[in-house]
Amino acid sequence: MRAPLVLWSILSFVLFADGFSSLNQHGGSVIIDKKPSGKFSVKIPFYENIEKGRNHLRVSEAFRLMVDSTEFMTNLPVDEDRNSKVLGCASIPLFGNDVCMLVELSNNFCVEISLNGSNISRDDFGWICAKFYESKEAFENVGLDTYNLRRIVADHFNSQPPHPGYDADRTCNDELVKSVFYDEYHRKSAMNELSNRGYTVIDNVFPVTNDEQKKLQELLVEKTCQGAAVRTDKVSFISREDATYCGLRTQFDLLMAMASFLNTYFFIPVDYKNKPIPPATAEKPLTNPLTVQAAEYQRGDFYVEHSDNSLDRDGAVRANFRHITCIYYLNENWECTEDGGSLRIYPGSSNLFSSSEAKHKCHYVDINPINGRLLLFDSKLYHSVQEVKKDKSRLALTLWITKPDDSGVRGERWDEGLPS
């Protein structure tokens, strides 16, 4: 894959955040036309037939602004002849000196996006379509139906492996982590619980104040895009700078330091079948993300039973690289028997195929999300957030420690609801 990690990170974040949440009702398949000359193309229809020239300038302007928004592309001059079919042209040096991207008027019903060059691939074209889809609002505002782009982008991202994370040693702080265990006995006990039963709970970990809770709530304004039948909380991915603003830098640093700590103090069986993907190594197989997810559940909010890293339908590979889920709770005077909002976990469910199977075969344990409680559990276990019963805010910070390997993981499926 030639696209740099930063481009992958930006595009994957944009598309994950969007969630492909508003499907158009189309049928049939989308064909990427591969011509012998080294050209991939796709036709993007207008919502309705337009008079020639009516929206051409607006499409050209949307294209120009999209290209100007990234350092990986450069706008090239086009023939301004009124009869010219070329609405936009750009070079992409990253893909080769002879590679260019064109937007042309195919007819009064659609435009054609094409990538031309001697050594381009379907993967290259997928990245280009992803960039167009990132700017979908601008193109929809000039009358283009981005459904075909959506199909290509979904296929493209579903063929990519998940991000392998970042070197856990970058955020190593063993002294901070050790401070939450009181002593060596408690540390070993917690590691044994995590290994043997799949989860461990550590209390009185830097409890937060009312002020810190309110500042975190300021960042939580958007509902998740997974659908009201699945989860209804608000989420935001926060950086260390965001955490510092909220007065939560210590808690953020603790979560970020956990992967390095577990690399040293937690027993992780050697996988002789699958090799680690850098930056992971056999000696230090766990890696970190760059951000932490903050979530707020209010009265009536819930998250149905799910696994953070489920098996695929054939049981051959996992959905992603998540290995240990770390959750820090920030809720003063919370009692789940009255307030709801417990984290319901199903020990022994890590190798099951569905939440219904977990509920049928496994006993559950309810974790009360009290202020200063740190929960670590096997990301493969099924769990849920029970409905909040009272007019209270349930706040949590979550970090997923990853263990990237070459087992064939291809990431979560996106756009499963699209017609085929």
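Residues numbered from 1 in each chain as written. Predicted model: local features only at pLDDT ≥ 70, side-chain atom pairs only at ≥ 80, totals over all residues. Heavy atoms only, no water.

A closer look at the overall build of the protein
- In terms of helices and strands, the protein carries 12 helices and 18 strands.
- For the protein, buried positions account for 51% of its 420 residues.
- For the protein, the share of sequence-separated contacts (at least 6 apart) that also reach a separation of at least 24 residues comes to 77%.
- By element, 50% of the accessible surface of the protein is carried by carbon and sulfur atoms, the whole surface being about 20,400 Å². (Helix = DSSP H or I, 4+ residues; strand = E, 2+ residues; numbered from the N terminus. Buried < 20%, exposed > 50% of the residue type's maximum accessible area, 1.4 Å probe, protein only. Contact = heavy atoms within 4.5 Å. Areas by Shrake-Rupley, 256 points an atom, 1.4 Å probe, with all protein chains shown as cover.)

Overview of the sheet that holds strand β14 (residues 343-346)
- Across the sheet, 4 strands lie side by side as β12-β17-β14-β15; this open sheet has antiparallel pairing. The sheet is open, and its two borders are formed by β12 (303-307) and β15 (365-367), each paired with just one other strand. Between one strand axis and the next, the sheet turns by 20° as a mean value, whatever way the strands run.
- Across 3 bridges, β12 lies against strand β17 (residues 382-385) in antiparallel orientation. Counted as the bridge partner of H306 is H383 from β17. (Pairing = 2+ DSSP bridges. Axes fitted to C-alpha atoms, helices over the stretch in contact; angles between N-to-C directions.)

Here we look at the packing of helix α3 (residues 122-134) against helix α5 (residues 147-158)
- Closest axis-to-axis distance for the α3/α5 pair is 9 Å, and the angle between their directions is 125°. It follows from the interaxial angle that α3 and α5 lie oblique. Crossing of α3 over α5 shows left-handed handedness. In this structure, α3 contributes D123, F125, G126, W127, C129, A130, F132 and Y133 to the contact, and α5 contributes L149, R150, I152, V153, H156 and F157.
- Taken together, the residues of the contact of α3 with α5 break down into 10 nonpolar, 2 polar and 2 charged. (Parallel < 35°, antiparallel > 145°, perpendicular 65-115°, else oblique. Left-handed = near helix turned anticlockwise from the far one by under 90°. Nonpolar A, V, L, I, M, F, W, Y, C, P; charged D, E, K, R; others polar.)

Describing helix α7 (residues 184-196)
- Taking 1.5 Å of rise per residue, the 13 residues of α7 would be expected to cover 18 Å, and the 18 Å separating its terminal C-alpha atoms lies within 8% of that figure.
- Buried within α7 are the following residues: R187, A190, M191 and L194. Buried residues of α7, seen end-on, are gathered within an arc of 95° and therefore sit on one face of the element. Opposite the buried face of α7, at more than 90 degrees from it, the exposed residues are Y185 and N196.
- Where α7 is buried, its residues contact β8 (199-202), α10 (249-265), β13 (322-329) and β16 (374-378).
- Measuring from the side-chain oxygen of the N-cap residue of α7 to the backbone nitrogen of Y185 gives 3.2 Å; that N-cap residue is D183. (Expected span 1.5 Å × (residues − 1). Arc of directions from axis to C-beta. Polar contact = N/O pair within 3.5 Å; in protein donor to acceptor, adjacent residues only side chain to side chain.)

Comments concerning the pattern of salt bridges
- This model, assessed by the stated rule, comprises 19 salt bridges.
- Two residues, R373 and D203, come together in a salt bridge whose shortest N-O distance is 2.6 Å. Within this pair, whereas R373 is found in the loop between β15 and β16, its partner D203 is found in the loop between β8 and α8 (210-218), the two being separated by 170 residues in sequence.
- By relative accessible area, R373 is classed as buried at 14%.
- Among the salt bridges present, the one from K390 reaches E338, with a minimum N-O distance of 3.8 Å. Taken as a pair, K390 in the loop between β17 and β18 (394-402) and E338 in helix α11 (residues 336-339) lie far apart in primary sequence, 52 residues in all.
- For K390, a relative accessible area of 34% translates into the label partly exposed.
- By relative accessible area, which is 49% here, E338 ends up partly exposed. (Salt bridge = Lys/Arg side-chain N within 4 Å of Asp/Glu carboxyl O.)

Considerations on the environment of P347
- Position of P347 relative to the elements: it lies in the loop between β14 and α12 (355-361).
- You can call P347 partly exposed: its relative accessible area is 24%.
- Residues contacting P347, with those up to four places away along its chain left out, are R197, Y199, C362, H363, Y364, V365 and L381.

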